[in-house]
Amino acid sequence: MPLSVGASSEGRRVWLRPARWAAIAFAVWGSVFTLPLTAQQSGADEFNDSHFHLTNYIQEGIDPHQFLQIMGRRVSRSTLFGIPLQQQWSYANSGEFAPTYYLQSDAPLYYYSFTDAYIASMYRSLSKDEQARFDPMITGFNPADMYAADHIRRVLRIFPGVFTGIGEFSIHKEFVSSKVSGETASLTNPALDRVLDFAAEAGLVVILHSDIDMPFAKMDAEPVYLSQMKALLKRHPKTTIIWAHIGLGRVVHPVQTSAAAAAERSPSQVGIVEAMLTDPALAHVSFDISWDEVAKYAVATPETVSRVATMLNRYPDRFLFGTDTVAPSGPGPYFAVFDMWAPVWKQLTPEASLKVRKANYERLFDEGRRRVRAWERANVR
Ligand SMILES: [Zn+2]
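Keep in mind it's a predicted model, so treat the numbers as computed, not measured.

How each quantity is defined
- Residues numbered from 1 in each chain as written.
- Predicted model: local features only at pLDDT ≥ 70, side-chain atom pairs only at ≥ 80, totals over all residues.
- Heavy atoms only, no water.
- Helix = DSSP H or I, 4+ residues; strand = E, 2+ residues; numbered from the N terminus.
- Contact = heavy atoms within 4.5 Å.
- Buried < 20%, exposed > 50% of the residue type's maximum accessible area, 1.4 Å probe, protein only.
- Patch = residues over 30% accessible without salt bridge, like charges linked within 9 Å, V, L, I, M, F, W, Y side chains within 5 Å.
- Areas by Shrake-Rupley, 256 points an atom, 1.4 Å probe, with all protein chains shown as cover.
- Salt bridge = Lys/Arg side-chain N within 4 Å of Asp/Glu carboxyl O.
- Pairing = 2+ DSSP bridges.
- Axes fitted to C-alpha atoms, helices over the stretch in contact; angles between N-to-C directions.
- Parallel < 35°, antiparallel > 145°, perpendicular 65-115°, else oblique.
- Nonpolar A, V, L, I, M, F, W, Y, C, P; charged D, E, K, R; others polar.
- Donors = N, O, S within 2.8 Å, 3.2 Å for Na, K, Ca; no water.
- Tetrahedral: all angles 85-135°; square planar, octahedral: opposite > 155°, others 65-115°.
- Core = buried A, V, L, I, M, F, W, Y, C linked by side-chain atoms within 4.5 Å.
- Polar contact = N/O pair within 3.5 Å; in protein donor to acceptor, adjacent residues only side chain to side chain.

Q: Is there a simple way to think about the overall build of the protein in this case?
A: A tally of helices and strands in the protein yields 16 helices and 12 strands. In the protein, the share of contacts with a sequence separation of at least 24, taken over all contacts with a separation of at least 6, comes to 82%.

Okay, here's the thing in structure tokens:
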């Protein structure tokens, strides 16, 4: 679906021309500066994948041995999770047509908790060396259920030594939230607070998807879910939380401000994220830049590339790359997302590039592994 997001009008382009020259100069400088990395990028250990789905919306996909073949030497480590929601095949709705994606049916989605046992059994089928490359995540809980935290605790007890975190799970997600059977999830639901409290207790890394705004939001409007999201994050300072996709989606586009509103200091997406990055009460929050639908905003124009690269260079400890691919059929679709980011990678300092592609993953998920294993030693049997 064609989107005008990130594209600027001809009139604005004229205004932005000096910035564009600066971006080009910065790109040239950046490419010289990152020469050793360019050599590294064509070979081994290019990135760790902080956001990867082994299975799809009907719980089918690839097994981790196939995924290791795809990762090859380009990817060192990856998270490993399914999708907590199952698309029902409703005969009344689509007849003989079997939907495999949530956009292919009007029938509801429901929570499919068996995904956690499936991911654990797949992980346990790997050798020790292969296991060391994965961080499995628990996703099969309903975040609107006060018992959700008890499910997570139960999974750790039944499969000790496996999981590093929880997620990706979703609260607000375009086209999805409204399709889920039962009570709609909310950022203000105490059931979610119980989940995040338990994640802090057990040391679980949290990957939380919650759109910053409604789909197709108007320019200059305050993003509808932003204040609830910030309040939630601030209620859980001891939980390690990764906000998936910086709150963006397929049609939940970056918050846009007109020139007039910008003059009144109404913040744009970058302004909103920068305010969060500099807020000491949100120091426990990181952002993932996964999903090709998010990459499309970042690489839309030379201006957006420069803006995003500037933010990553300024706050290199707070962003993680992930593909958000779902059961990829081979290396082509898997690496396409990483390669989309090439214009941004070229403008990063070597330090920022290394942190976003690899080091932040190692820091957060190694700590998660260590803490969850300690919780299991103290609490299992
Ligand atoms: Zn995802």
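From this point, things continue past the structure.
Q: Sorry if this is basic, but what is going on with the environment of Y225 here?
A: Its location among the elements puts Y225 in the loop between β8 (205–209) and α9 (226–235). Taking relative accessible area as the criterion, Y225 reaches 24% and is therefore assigned partly exposed. Other than its neighbours up to four places away in sequence, Y225 contacts H172, L187, D211, I212, D213 and M214.

Q: Would you take a moment to explain a nonpolar patch on the surface for this structure?
A: On the surface, L103, F175 and F216 cluster together into a nonpolar patch covering about 300 Å² of accessible area. Looking at the element boundaries, F216 is found in the loop between β8 and α9.

Q: Is there a simple way to explain the sheet that holds β8 in this structure?
A: Strands pair in a sheet through their backbones, by hydrogen bonds, and they do so in one of two ways: parallel or antiparallel. Ordered by their spatial adjacency, eight strands build an open sheet running β1-β3-β6-β7-β8-β9-β10-β11, and the pairing between neighbours is parallel. Whereas interior strands pair on both sides, the edge strands pair on one side only; in this sheet they are β1 (47–49) and β11 (319–320). Pairing geometry for β8 and strand β9 (residues 241–243), over three bridges, is parallel. Bridged to I207 within β9 is I242.

Q: Honestly, the pattern of salt bridges in this entry has me stumped. Any pointers?
A: When the charged atoms of two side chains with opposite charge come close together, those side chains can pair. Per the counting criterion, the structure on display carries 15 salt bridges. Here D135 ties to R369 by a salt bridge, and the two come within 2.6 Å at their closest N and O atoms. Placement of the pair is D135 in strand β6 (residues 134–138) and R369 in helix α16 (residues 350–379), with a sequence separation of 234 residues. D135 gets classed as buried once you look at its relative accessible area, which sits at 0%.

Q: I keep staring at the packing of helix α11 (residues 269–277) against helix α13 (residues 302–314) and nothing clicks. Help me out?
A: Each pair of packed helices can be summarised by the angle the axes make with each other and by the distance between the axes. Interhelical geometry of α11 versus α13 gives an angle of 0 degrees and a closest axis separation of 11 Å. On the basis of the axis angle, α11 is roughly parallel to α13. Of the residues in α13, those touching α11 at V270, V273, E274 and L277 are R307, M311 and R314. For the contact of α11 with α13, the class distribution of residues is four nonpolar, no polar and three charged.

Q: How do you make sense of the coordination of the zinc ion when you look at a structure like this?
A: Put simply, a metal with four donors set out as a tetrahedron has ideal angles of 109.5 degrees, and one with six donors set out as an octahedron has ideal angles of 90 or 180 degrees. Only H51 (NE2), H53 (NE2), E168 (OE) and D324 (OD) from the protein coordinate the zinc ion, and they sit 2.0 to 2.2 Å from it. One can describe the donor arrangement at the zinc ion as irregular, given that its four donor atoms subtend angles of 87 to 175 degrees at the metal. Spacing between the donor residues of the zinc ion along the chain follows H-x1-H-x114-E-x155-D. Given a relative accessible area of 0%, H51 falls into the buried group.

Q: Quick question: what am I supposed to make of the nonpolar core here?
A: In globular proteins that are soluble, nonpolar side chains generally tend to be buried together. F67, I166 and F319 are the most contacted members of the largest nonpolar core, which has 84 residues in total. Looking at which element gives the most residues to this core, the answer is helix α8 (residues 190–202), with six residues. Setting aside residues up to four positions removed in sequence, F67 forms contacts with F52, L54, I62, S78, L80, F134 and Y334.

Q: Explain the side chain of D135 to me, please; I cannot follow it from the model alone.
A: A polar contact of 2.8 Å, which involves the side chain of D135, links it to the side chain of T164. Once you skip the residues sitting within four places of it in the chain, D135 turns out to touch R77, S78, T79, L80, T164, Y361, F365 and R369.

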